[in-house]
Amino acid sequence: MKAALRPGDAAFANVEKVNAELFTLTYGAVVRQLLTDHEDVDDVNKQLDSMGYNIGIRLIDEFLAKSNSAKCADFRETADVIAKVGFKMFLGVSPTVANWSPDGKECSLLMDDNPLVDFVELPDTCQGLSYCSILCGVLRGALEMISMRTEVRIVKDMLKGDDVYEIRMRLIETVPEELPYKDDE
């Protein structure tokens, strides 16, 4: 008897794979070039977040088309789908959703493994670099496209000695969906 696929595994199977090492090295080259182009590490962090945001607003279409995910009822369910399906589908990892705020509007995605940081060691001159801030932008952009304005930031980073990668997501507001204007004439 065939074992049932976990959430995200079916979507992961339907996505074209890119060699993980090639992806990691290419991302590293982008970060390196940004560090060369910008003198201030904070500017690099902003650029990575902005790049991620632009990727997220486009990536959500592929996610919705290939994941067969139904519309989520609330932010809690959305965070669960992001962790179990989205991260698995695009990065091959499944973060744990934890540390929910009492109002259910804030949570953390915890990862023991982060494919973006393979082969990476931050030099002392780059300790302020949030190497994976592109992920924050991707999440923010994708969530905005499904009417959720969020604040996303990295709270813990194993590149800086923490025991886990922690991405903190906070729902600012759910924006009502606007239907295109229809002229009755």
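An unreviewed UniProt entry lists the chain under the name Trafficking protein particle complex subunit, with Klebsormidium nitens as the source organism. We quote the UniProt Subunit (unreviewed entry) comment for the chain here in full: "Homodimer." UniProt annotates the chain under Function (unreviewed entry) with the comment "May play a role in vesicular transport from endoplasmic reticulum to Golgi."

**Here's the deal with the nonpolar core**
Residues F87, L129, Y131, L135, I167 and M169 are the most contacted members of the largest nonpolar core, which totals 36 residues. Put simply, the parts of the chain that give this core at least two residues each are helix 2 (20-37), helix 3 (41-67), helix 4 (75-91), strand 2 (106-111), helix 5 (133-145), strand 3 (148-156) and strand 4 (165-174). Considering every element that reaches this core, the biggest residue donor is helix 4, with 6 residues. One finds F63, V85, M89 and A142 within the second-largest nonpolar core, a separate group that totals 6 residues.

**Focus on the environment of I60**
Its location among the elements puts I60 in helix 3. Sequence-wise, I60 and M145 are 85 residues apart; in three dimensions their C-alpha atoms are separated by 7.3 Å. Setting aside residues up to four positions removed in sequence, I60 forms contacts with A142, M145 and I146.

Rules of the game
Residues numbered from 1 in each chain as written. Predicted model: local features only at pLDDT ≥ 70, side-chain atom pairs only at ≥ 80, totals over all residues. Heavy atoms only, no water. UniProt positions renumbered as here; feature names shortened; annotations may be inferred. Core = buried A, V, L, I, M, F, W, Y, C linked by side-chain atoms within 4.5 Å. Buried < 20%, exposed > 50% of the residue type's maximum accessible area, 1.4 Å probe, protein only. Helix = DSSP H or I, 4+ residues; strand = E, 2+ residues; numbered from the N terminus. Contact = heavy atoms within 4.5 Å.

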